[in-house]
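# Coordinates in review
The residues making up each chain are set out below.
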Amino acid sequence: MRGKQWCLAVPRREAEETRRRLLEEGLLDRRYKPRPEGDAILLPVTEEVPGAVRCEFEAVPEPVVLPRHELVGGIAIMQENDPAGAERLLASRPSLATVLFPETAVEGEYRTRRFAVLAGAPTTRTRVTEYGLSFDVDLAHAYFSARLSTERQRVLRAMGEGERVLDMFAGVGPFAITLARKAALVVAADLNPAAVHLLIENIALNRTGNVIPMLADAARLPRLGFAPFDRIVMNLPLAAPEFLPAAAALCRDGGTIHLYALEEEEGEYLPRIREVTQGEVVEREVRTYSPGKWHAVYDVVVEKEEM
Ligand code: SAM
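Residues numbered from 1 in each chain as written. Predicted model: local features only at pLDDT ≥ 70, side-chain atom pairs only at ≥ 80, totals over all residues. Heavy atoms only, no water.

## So, the site of the ligand
- What surrounds the ligand is a group of 19 residues, the closest being Phe169, Asp190, Asp217, Ala218 and Asn235.
- Taking Phe169, its main chain carries an N or O atom lying 2.8 Å from a nitrogen atom of the ligand.
- In isolation the ligand exposes 590 Å². Once the protein is present, 98% of that is buried.
- Across the shell around the ligand, the residue classes tally to 12 nonpolar, 3 polar and 4 charged. (Near = heavy atom within 4 Å. Polar contact = N/O pair within 3.5 Å; in protein donor to acceptor, adjacent residues only side chain to side chain. Areas by Shrake-Rupley, 256 points an atom, 1.4 Å probe, with all protein chains shown as cover. Nonpolar A, V, L, I, M, F, W, Y, C, P; charged D, E, K, R; others polar.)

In structure tokens, the structure reads:
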């Protein structure tokens, strides 16, 4: 938008100093963009100061205020059920295809949510790129959280080359496929058939040749005759501590378990972990979940008693 406006015409070499002075005095009109004319710069001012003349100016576009959201690939998940805000959001980013609102919390054994489509294509499926890997996800049918991407890289950095890794609650495979970069072998299990379907697609998508996908209950894995693993990822924060005996049985002496847990007190699970694994434990906070609750990760180095 253009408009006639009071302004000062100042020589170019004095423009920056004058602009700062006007800004300090609250006289610079920030709704308009300064512009050159001949040897001068025209600085828009808020009132008829001495020497001011009327000039045409281009208005600075108002910043668009976007509703709060989380991005997962081409999908934005909004915190409010606000269809008008969703349309603004969709229009603001060419990479967005869909805006969703979660109608439920993360729930059930499969840890999924139900969504309403607020704007864009009616789908819950999208492709996420993370540190050079791609993951096809379907937010209504299998769990996925983009917020754990740095945590996956932390575990990858902690790994040695050629490890045998078990991901007990693999979902669509973000940990398993990330860790496969250094591992000799990754066994990736999940109970949710939709998650395992996507896991298989993601193995193919990333041409990962060393991940074995399994539709399996983690509690049953010790009965399947695997050789001990060097590293085990347990990302089922509400219930992972229940599966610790299975993980301890599957881990080698000196191997590492990464246990993700939702806790109300720091170190809540330390006694249980020490009892089951006899191990050395380091706990860190991953992020706040809700007031008074934290997602924590315990890195546990397992010790097996001599038989
Ligand atoms: N690790 C994945 C990630 O970071 O995206 C998925 C984590 S999600 C919080 C937990 C997963 O555990 C879900 O995909 C759910 O289906 C699966 N799950 C729940 N109970 C299970 C069990 N007893 N055995 C195997 N998988 C299970």
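## Things to note about the environment of His258
- Note that His258 resides in strand S15 (residues 251–263).
- His258 sits 41 residues away from Asp299 along the chain, and the two C-alpha atoms are 4.7 Å apart.
- Excluding anything up to four places from it in sequence, His258 contacts Arg154, Val155, Arg231, Ile232, Val233, Met234, Val297, Tyr298 and Asp299.
- Within the structure, His258 has its side chain in polar contact with the side chain of Arg231 (distance 2.9 Å). (Helix = DSSP H or I, 4+ residues; strand = E, 2+ residues; numbered from the N terminus. Contact = heavy atoms within 4.5 Å.)

## Details of unusual backbone geometry
- The backbone of Arg111 sits at a positive phi, close to 55 degrees, despite the residue not being glycine.
- Relative to the elements of secondary structure, Arg111 occurs in the loop between strand S7 (98–102) and strand S8 (115–120).
- Take Arg111: its relative accessible area is 18%, and that puts it in the buried class. (Buried < 20%, exposed > 50% of the residue type's maximum accessible area, 1.4 Å probe, protein only.)

## Quick word on the pattern of salt bridges
- Counting across every chain of the model gives 15 salt bridges.
- The partner of Asp136 in a salt bridge is Arg125, with the nearest N and O atoms 3.7 Å apart. Of this pair, Asp136 sits in strand S10 (residues 133–138) while Arg125 is found in strand S9 (residues 125–130), placing the two residues 11 residues apart along the sequence.
- Look at Asp136 and you get buried, because its relative accessible area is 10%.
- Note on Arg125: relative accessible area 37%, which makes it partly exposed.
- The partner of Arg154 in a salt bridge is Asp299, and the shortest N-O contact between them spans 2.8 Å. Of this pair, Arg154 sits in helix H3 (residues 149–158) while Asp299 sits in strand S17 (residues 293–301), and the two are 145 residues apart along the sequence. (Salt bridge = Lys/Arg side-chain N within 4 Å of Asp/Glu carboxyl O.)

## Notes on helix H5 (residues 193–205)
- Look at H5: 18 Å from first C-alpha to last across 13 residues, which is about the 18 Å you get at 1.5 Å a residue.
- Within the span of H5, buried status applies to Ala195, Val196, Leu198, Leu199, Asn202 and Ile203. For H5, the buried positions fall inside an angular range of 160 degrees around the axis, keeping them on one side. Every exposed residue of H5 that faces more than 90 degrees away from the buried side is listed here: His197 and Ala204.
- Check the buried side of H5 and you find it contacts S9, S10, helix H4 (174–179), strand S12 (185–190) and strand S13 (211–215).
- Capping the start of H5, Asn192 holds a side-chain oxygen 2.9 Å from the backbone nitrogen of Ala194, two or three residues further along.
- A positive backbone phi angle near 50 degrees is found at Arg207, which sits one or two residues after H5. (Expected span 1.5 Å × (residues − 1). Arc of directions from axis to C-beta.)

## Notes on the nonpolar core
- The biggest cluster of nonpolar side chains holds 35 residues, and the ones touching the most others in it are Val72, Val137, Leu139, Phe144, Leu179, Val186 and Val211.
- Elements with a minimum of two residues in this core: strand S6 (75–78), S10, H3, H4, S12 and H5.
- For Val137, the residues in contact, after removing those within four places along its chain, are Val72, Thr124, Arg125, Thr126, Val128, Phe144, Val172 and Leu198.
- Counting residues in each nonpolar core, the second largest holds 31 residues, with Val187, Ala189, Ala240 and Ala261 among its members. (Core = buried A, V, L, I, M, F, W, Y, C linked by side-chain atoms within 4.5 Å.)

## So, the pairing of S13
- As paired elements, S12 and S13 share 5 bridges and run parallel to each other. Among the inter-strand pairings, Asp190 is bridged to a residue of S13, identified as Leu215.
- In this fold, S12 hands off to H5, which returns the chain to S13; that crossover is right-handed. (Pairing = 2+ DSSP bridges. Right-handed = clockwise from strand over helix to strand, strands pointing away.)

## What to know about the pairing of S6
- Neither face of S6 is open: one carries Ile75 and Ile77, the other Ala76 and Met78, and all of them are buried.
- Counted between consecutive antiparallel strands, the loop separating strand S5 (residues 69–72) from S6 contains 2 residues, among which Gly73 sits at a positive phi close to 55 degrees.
- Looking at chain direction, S6 and S7 are connected through 3 bridges and run parallel. Looking at the pairing, Ile75 lines up with Thr98 of S7.
- Running through helix H2 (residues 83–92), the crossover from S6 to the neighbouring parallel element S7 is right-handed.

## Let's talk about the packing of aromatic side chains
- A complete count under the given rule lists 6 aromatic pairs for this structure.
- Between Tyr32 and Phe57, the aromatic rings sit 6.2 Å apart at their centres with planes inclined by 50 degrees, giving tilted as the arrangement. Pair noted here: Tyr32 is in the loop between helix H1 (12–24) and strand S2 (35–37) and Phe57 is in strand S4 (residues 53–58), with a separation of 25 residues, a long-range link. Accessibility classification places Tyr32 together with Phe57 in one group, the buried group.
- Summarising the aromatic geometry, the rings of Phe135 and Phe144 are spaced 6.4 Å apart at their centres and angled 40 degrees between planes, so their arrangement reads as tilted. Like Phe135, the residue Phe144 is buried in the burial classification.
- Sitting over the face of the ring of Trp6, Arg54 holds its NZ or CZ atom 4.9 Å from the ring centroid. (Phe/Tyr/Trp six-rings, centres within 6.5 Å; stacked < 30°, edge-to-face > 60°. Lys NZ or Arg CZ within 6 Å of the ring centre and 35° of its normal.)

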